[in-house]
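So the chains spell out like this:
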Amino acid sequence: MSEAARLRDLTARIEAANAAYHERDEPEISDAEYDSLRREAEEILAAHPELRAEAKALTQIGGKPASGFKKIKHRTPMLSLDNVFSAEDFSEFWQGKSRFLGHEGAWQVVAEPKIDGLSISLTYEARKFVRAATRGDGEEGEDVTANILTLETLPRELPQDAPDFIEIRGEVYMTKADFLALNESQERKFANPRNAAAGSLRQLDARITAKRKLSLFAYAQGETSAPVAGTHWEYLAALQGWGFAVNPLSKLIAEAEAEAFQAGIGAARAELPYDIDGVVYKVNDLRLQARLGFVGRAPRWACAWKFPAEKASSRIESIEINVGRTGALTPRARLTPVNVGGVLVTYATLHNEDEILRKNLRVGDIVELQRAGDVIPQILRVIEPGGGAPYEFPDHCPVCGSRAVRTDDDVVRRCTGGLSCPAQVVERLIHFCARGAFDIEGMGEKTIQEFYAAGWLHDAADVFALPAHEDEIAQREGWGPVSAAKLSAAIAARRQIGLAKFIYALGIRRIGENNAKLLARHYGGYAAWKAGMLAAGEIGSDARLELGSISGIGPAIATDLAAFFAEAHNLRTLARLEGEVSVLDAVSAATSDSPFAGKVLVFTGTLTMARPEAKARAEALGAKVTESVSKKTDFVVVGAEAGSKAKKAAALGVRTLTEDEFRAMAGF
Ligand code: IVH
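These numbers were taken from a predicted model, which means no experiment stands behind them.

1. Details of the sheet that holds strand 25 (residues 635-638)
Okay, so step 1: Across the sheet, which stays open at both edges, the four strands sit in the order 24-23-25-26 with parallel pairing between neighbours. Because the sheet does not close on itself, it has two edges, and the strands there are strand 24 (624-626) and strand 26 (655-658). With strand direction ignored, the average angle separating the axes of adjacent strands in the sheet is 30 degrees.
Okay, so step 2: Note that strand 23 (residues 600-604) and strand 24 share three bridges and pair parallel. By the bridge assignment for strand 24, L601 is matched with V625.
Okay, so step 3: Running at roughly 140 degrees to strand 23, helix 25 (residues 644-652) makes contact with strand 23, strand 25 and strand 26 of the sheet.
Okay, so step 4: Where helix 26 (residues 659-666) meets the sheet, its contacts fall on strand 23, strand 25 and strand 26, and the angle it forms with strand 26 comes to roughly 90 degrees.

Written out as structure tokens, the structure reads:
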């Protein structure tokens with residue numbers, strides 16, 4: 001799966017999880033899984049900031065406010081926290097802060113248990129409590145003033161030393177004991193104390209809330225008319241002085257003490273009267289907090305160090321095989337459903353054939369599972385063999401019956417059915433129509449399967465023939481003239497496409513969005529790309545060398561591209577697509593007037609700036625950066641101690657630039 005497709009998949013899951021958690025108070029996945037989804041998505045975004053627009057769910061915090069409550073817009077957004085999961089991540093987080101500020105020396109941090117409840121904003125005007133709002137989507141929450149007033153421990157008034165106007169933030173939670181008592185007393189059981197707290201607070205009838213025992217810890221400030229303190233630690237003391245409950249385990253420590261603190265809280269966790277899912281570490285100095293500010297949905301001045309994922313055991317019921325777009329046979333284990341950290345798990349990933357062998361997994365085994373950094377739970381080991389026969393990985397495709405083979409050192413077994421395998425065709429079509437590729441609205445998995453079964457879709461080019469079936473589509477169950485016409489319009493709207501998206505849409509093995517972009521940037525236009533790929537079929541040819549010289553395109557990718565172009569049916573599909581769509585050239589107007597637009601550039605020797613930055617700068621100006629010097633090279637940027645490439649440039653008469661000249665031309 002390409003990173004963009006992966007990101008979309010992650011975003012969709014995060015969105016669904018957000019809705020389940022915040023709008024229905026019924027989480028469908030565990031916090032650990034949610035965190036790992038977010039973490040993976042953030043990693044992709046860090047590498048591909050251009051995808052951020054597609055991942056709105058990631059910047060939206062929590063759920064949309066449920067109807068029934070008055071909406072309250074937060075004066076300053078209620079944000080979330082970045083998560084770390086290990087001592088290594090943690091120290092990296094703080095090193096990042098130091099680099100950001102050029103801050104020398106040790107960090108003073110306030111460590112607070114991360115309460116598993118729901119965050120609340122409490123507003124005091126003229127030192128009187130006036131309003132409480134839930135986080136909602138971070139921008140706008142629900143007015144739960146009446147409900148919060150049922151909390152006996154809430155200070156209704158602040159003393160004279162408090163600012164005239166202040167917003168105080170904290171966590172509403174239910175103790176484990178109150179949760180158990182509540183569940184015992186009623187039919188509808190809550191899954192955990194957090195859900196019970198959320199369900200109790202968001203009662204339209206505050207009398208119900210009053211009967212539930214909710215508690216509150218205060219831990220942060222929103223807007224204030226006058227500063228309260230110079231450090232977070234002093235701020236917490238002020239809150240306590242005003243009558244708020246502040247978590248008694250909170251502690252002012254040096255960053256270096258965090259690991260020990262984390263371990264201590266982890267050990268005490270089970271005995272605490274309330275659920276926690278980690279520890280929050282905050283920069284103590286509020287001036288430094290202000291300088292650090294925010295990034296995306298989270299403050300730079302704090303992080304949550306979460307406890308590790310939970311483990312469980314279950315039995316392997318069967319091993320199922322899925323066939324993907326490139327024919328890969330991917331196994332997964334169906335398990336006796338088991339609850340892992342509040343989530344019902346029915347499947348675990350098995351990765352590939354070798355993994356099953358390595359772990360000696362057999363149907364009937366009792367295995368240990370873990371839900372951690374991976375989206376789908378993983379099997380760690382066999383706890384108790386079930387006495388079944390060793391698993392025999394199929395050597396035929398379970399969908400089309402073609403032979404399934406492993407070539408060279410590939411760990412994956414693939415169906416050889418190609419386009420005669422329905423699984424591959426459908427998966428390819430799904431990819432072709434998906435966001436990041438042709439992005440055809442309405443052409444999702446279900447529709448594609450339906451039209452494939454109807455016999456209208458054999459290859460990608462057939463998508464553009466669908467409008468010819470509009471009348472028939474309109475007659476189908478679940479369709480009508482309006483939706484059929486809408487689909488035709490959506491298809492028509494995509495008859496123009498950029499070269500990178502077009503290349504990506506073809507679903508060539510190993511050509512994800514990044515590699516598609518590299519190819520598009522290098523070849524510039526569809527005709528040049530196709531000609532280059534056809535000629536690159538011959539190993540050792542100039543075209544193959546050119547392909548291999550594109551920075552980021554390795555020999556394996558070149559082989560995959562050549563293999564795609566060696567297939568007659570792919571060439572037929574391309575020829576048909578040429579008649580259906582127009583592919584736009586890759587060089588954009590924004591970079592076309594730069595001195596490097598469309599030019600081929602090679603860096604050699606030691607530069608003062610890091611090579612990745614130099615390369616990114618050049619590419620941003622429209623250059624193609626390659627590794628080796630040839631007649632096609634326009635510029636060689638020569639750093640210190642340059643060797644053979646500089647000589648070759650001289651021999652070929654290619655223009656060389658010093659780093660200073662390069663910087664001047666590039667404008668930095
Ligand atoms: S500070 C701008 N402190 O964790 C940062 N949050 O994952 C504001 N939480 O939305 C949050 N205990 O609901 C903070 N001691 C604590 C916390 C805490 C629990 C929750 C809070 C927040 C979420 C972020």
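Alright, that's what it looks like, and here's the rest.
2. Things to note about the packing of aromatic side chains
Okay, so step 1: Taken as a whole and judged by the stated rule, the model has 27 aromatic pairs.
Okay, so step 2: The interplanar angle of 25 degrees and the centroid separation of 4.8 Å between the aromatic rings of F90 and W305 together place this pair among those described as stacked. In this pair, F90 sits in helix 4 (residues 87-101) while W305 sits in strand 13 (residues 302-306), placing the two residues 215 residues apart along the sequence. Here F90 matches W305 in class, with each residue buried.
Okay, so step 3: Taken together, a centroid distance of 5.5 Å and an interplanar angle of 70 degrees make the contact between Y173 and Y274 edge-to-face. With Y173 in strand 7 (residues 165-173) and Y274 in the loop between helix 10 (258-268) and strand 10 (276-283), the pair connects residues that are 101 residues apart, well separated along the chain.
Okay, so step 4: Here Y173 falls in the buried class, since its relative accessible area comes to 7%.
Okay, so step 5: What makes Y274 buried here is its relative accessible area of 6%.
Okay, so step 6: Chaining the aromatic ring pairs together yields one cluster made of F432, F438, F464, F502, Y526, W529, F564 and F565.
Okay, so step 7: We note K97 situated over the ring of F93; from NZ or CZ to the ring centre the distance is 4.1 Å.

3. Quick word on the site of the ligand
Okay, so step 1: Taken together, 14 residues lie around the ligand, and E112, R135, E171, Y219 and K282 are the ones closest in.
Okay, so step 2: E112 places a side-chain nitrogen or oxygen 2.7 Å from a nitrogen atom of the ligand.
Okay, so step 3: Summarising the interface, the protein chains cover 90% of the accessible area of the ligand, which totals 530 Å² for the free molecule.
Okay, so step 4: Elements that contribute at least two residues to the shell around the ligand include exactly strand 3 (108-115) and strand 10.

4. Side note on the nonpolar core
Okay, so step 1: Core analysis: the biggest nonpolar cluster contains 58 residues, and M443, F502, L519, W529 and L547 have the highest contact counts within it.
Okay, so step 2: The residues contacting L519, other than those within four sequence positions of it, are I503, I511, G524, W529, L547, I550, I553 and L561.
Okay, so step 3: Judged by nonpolar contacts, the second largest core, of 35 residues, contains F129, V144, L182 and F190.

5. So, the sheet that holds strand 9 (residues 251-254)
Okay, so step 1: Spatial ordering of the open sheet is given by 2-13-10-3-9, a layout of five strands whose pairing is mixed. The strands lining the two open edges of the sheet, one partner per strand, are strand 2 (82-84) and strand 9. Strand-to-strand twist across the sheet, computed as the mean angle between neighbouring axes with direction ignored, equals 35 degrees.
Okay, so step 2: Pairing of strand 10 with strand 13 involves five bridges; the strand directions are antiparallel. Residue pairing for strand 13: G278 is matched across the bridge by K306.
Okay, so step 3: This element, helix 10, spans strand 3, strand 9, strand 10 and strand 13 of the sheet and lies at about 155 degrees to strand 10.

What counts and how
- Residues numbered from 1 in each chain as written.
- Predicted model: local features only at pLDDT ≥ 70, side-chain atom pairs only at ≥ 80, totals over all residues.
- Heavy atoms only, no water.
- Pairing = 2+ DSSP bridges.
- Helix = DSSP H or I, 4+ residues; strand = E, 2+ residues; numbered from the N terminus.
- Axes fitted to C-alpha atoms, helices over the stretch in contact; angles between N-to-C directions.
- Contact = heavy atoms within 4.5 Å.
- Phe/Tyr/Trp six-rings, centres within 6.5 Å; stacked < 30°, edge-to-face > 60°.
- Buried < 20%, exposed > 50% of the residue type's maximum accessible area, 1.4 Å probe, protein only.
- Lys NZ or Arg CZ within 6 Å of the ring centre and 35° of its normal.
- Near = heavy atom within 4 Å.
- Polar contact = N/O pair within 3.5 Å; in protein donor to acceptor, adjacent residues only side chain to side chain.
- Areas by Shrake-Rupley, 256 points an atom, 1.4 Å probe, with all protein chains shown as cover.
- Core = buried A, V, L, I, M, F, W, Y, C linked by side-chain atoms within 4.5 Å.

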